[in-house]
Amino acid sequence: MDRGKKLTNFYGNKNCKIYMDLKDVIRENALPYLPAKSLFRCTGVCRDWKLQISTPLFAHNQTNSFRSTSGFFYQTQAGMPSFLSLDPMAYGVPDPSLSFLPEPVDIRTSCNGLLCCQGRSGYLAYYICNPVTKHWKKLPKPDADHGPDPAVVLVFEPSLLNFFADYKLVCAFPSELGGYEFEIYSSEKGSWRTSGEICFADRKLLPKTGVHVNGIVYWLSRQGITAFDLNSERSQLLSSAPGALGMTNGKLCAVHVRGQGLVVNMLSNTHSNTMQMCSNARTWVEMRPENNLDIPLPAESSNYSGRHGHGHGHGGVVFVGGDVVLLQNGNIFCSYDMKKKASNYLGEINIDTNAAIVGYVNSLVEL
């Protein structure tokens, strides 16, 4: 009888999740997967949701749960930062011009909700900020001269073990000895450090092409790709595939437009140049069957194919992240979802041709 009584009490426990109300189920299991702008609208549903969303623990969970590309920060021709949303109803920031920063800035790089900008005065200080919360941090002056257009890459991988962002900013800069050196800022240590590695190569890195994939930072040059491993702090020279560098399926890829389709090449073997002769090993492998993805352009972009951007004929790929590809032809922008095989016309925008266009994740990450 005692065992039967305990069993009845167990199943009658109203704290058990099988008895949770629908609003509580959504609050606990769905809200962390929403972008920041949608969450701000959800604060008006009820007092419990507002309190839940405003807690540091929730922001931490959302940072680890939501990783989708939400839009792009860029510089207008007037020099002002701005934001291009993939879905204005779902994704957005309260101040796209970043006027909350203490000085005018240039967009440099972004990673998982954090944005890196560079000031235009003094020693051209770097700022790391979250455009959603308007929280920011000014980094100390680097030891090396990074130049007016630095090849910087922000590295931030959210972790369940860290409530505050633990990030690195990596810059490849020309060495006085020739080639390139690498200076690294660590938020954990709060200081810069120049690696002992020097990449001796007769190639000039293209500053706005840097990407981070699985602990390795890659930059394009006219002659190929320069890779820098953050763990071993060793550099490597790789052959390149045509197109913009990015990450999809957790791997480095190069994507370009060919005809009416996207060509996606995945990095396969970084040591193919050291293999024996007649080896079948290749550095890059063209994805199949997605190697010729159809791009159904929206009706709004009827003049899209009439412009020529970045020398790829039908349009230039300027960003690749996850399943999202950003295409540009002149001032016309269009996104393509490789998973859904659907395109979205984003509009005609006057963007500074010398400025960076960086992908952004609408996150509540805490600095």
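Quick look at the structure, then. (Residues numbered from 1 in each chain as written. Predicted model: local features only at pLDDT ≥ 70, side-chain atom pairs only at ≥ 80, totals over all residues. Heavy atoms only, no water.)

Regarding the packing of aromatic side chains
Moving on, step 1. Inspection of the entire model under this criterion finds eleven aromatic pairs.
Moving on, step 2. A centroid spacing of 5.1 Å and a plane angle of 75 degrees characterise the contact between Phe72 and Phe319, whose relative ring orientation is edge-to-face. Within this pair, whereas Phe72 is found in strand S1 (residues 71-75), its partner Phe319 is found in strand S20 (residues 316-321), the two being separated by 247 residues in sequence.
Moving on, step 3. The exposure class of Phe319 is buried, given its relative accessible area of 16%.
Moving on, step 4. Put simply, the rings of Tyr126, Tyr167, Tyr185 and Trp192 pair up and form one aromatic cluster. (Phe/Tyr/Trp six-rings, centres within 6.5 Å; stacked < 30°, edge-to-face > 60°. Helix = DSSP H or I, 4+ residues; strand = E, 2+ residues; numbered from the N terminus. Buried < 20%, exposed > 50% of the residue type's maximum accessible area, 1.4 Å probe, protein only.)

Observations concerning the sheet that holds strand S8 (residues 167-174)
Moving on, step 1. Taken in spatial order, the four strands line up as S7-S8-S9-S10 in an open sheet, and their pairing is antiparallel. Taken across any chain shown, the strands that pair with only one partner, and hence form the sheet edges, are strand S7 (151-156) and strand S10 (191-199). Between one strand axis and the next, the sheet turns by 20 degrees as a mean value, whatever way the strands run.
Moving on, step 2. Of the pairings in the sheet, the one linking S8 to strand S9 (residues 180-186) comprises seven bridges and is antiparallel in character. (Pairing = 2+ DSSP bridges. Axes fitted to C-alpha atoms, helices over the stretch in contact; angles between N-to-C directions.)

Points about the pattern of salt bridges
Moving on, step 1. Tallied over the entire structure, the rule returns five salt bridges.
Moving on, step 2. Arg120 is paired through a salt bridge with Asp106; the nearest N and O atoms lie 3.2 Å apart. You can see Arg120 sitting in the loop between strand S4 (114-119) and strand S5 (126-130) and its partner Asp106 sitting in strand S3 (residues 105-111), a full 14 residues away along the chain.
Moving on, step 3. A relative accessible area of 40% means that Arg120 is categorised as partly exposed.
Moving on, step 4. Salt-bridge contacts for Lys208 lead to Asp149; the nearest nitrogen and oxygen are separated by 2.8 Å. One end of the pair, Lys208, is in the loop between S10 and strand S11 (211-213); the other, Asp149, is in the loop between strand S6 (135-138) and S7, and 59 residues separate them in sequence. (Salt bridge = Lys/Arg side-chain N within 4 Å of Asp/Glu carboxyl O.)

Topic: unusual backbone geometry
Moving on, step 1. The backbone phi angle of Lys134 is positive, close to 65 degrees, even though this residue is not glycine.
Moving on, step 2. Following the sequence through the fold, Lys134 ends up in the loop between S5 and S6.
Moving on, step 3. Positive phi is not limited to glycine here, since Asn214 has a value of about 50 degrees.
Moving on, step 4. Among the secondary structure elements, Asn214 is positioned in the loop between S11 and strand S12 (216-221).

A word on the pairing of strand S21 (residues 324-329)
Moving on, step 1. Buried residues dominate S21, accounting for six of its six residues.
Moving on, step 2. Residues of S21 alternate between two faces, with Val324, Leu326 and Gln328 on one and Val325, Leu327 and Asn329 on the opposite face, all of them buried.
Moving on, step 3. Linkage of S20 to S21, two consecutive antiparallel strands, is achieved through a turn of two residues, within which Gly322 is found at a positive phi near 65 degrees.
Moving on, step 4. Here six bridges tie S21 to strand S22 (residues 332-337), and the two strands are oriented antiparallel to one another.

Quick notes on the nonpolar core
Moving on, step 1. One finds Phe73, Leu98, Leu101 and Leu115 to be the most contacted residues of the largest nonpolar core, which totals 26 residues.
Moving on, step 2. Elements supplying a minimum of two residues to this core: helix H3 (36-42), helix H4 (47-53), helix H5 (56-65), S3, S4, S5 and strand S24 (358-360).
Moving on, step 3. It is H3 that provides the largest number of residues to this core, a total of three residues.
Moving on, step 4. Contacts of Leu101, omitting those with residues within four sequence positions, involve Cys117, Tyr127, Cys129 and Trp136. (Core = buried A, V, L, I, M, F, W, Y, C linked by side-chain atoms within 4.5 Å. Contact = heavy atoms within 4.5 Å.)

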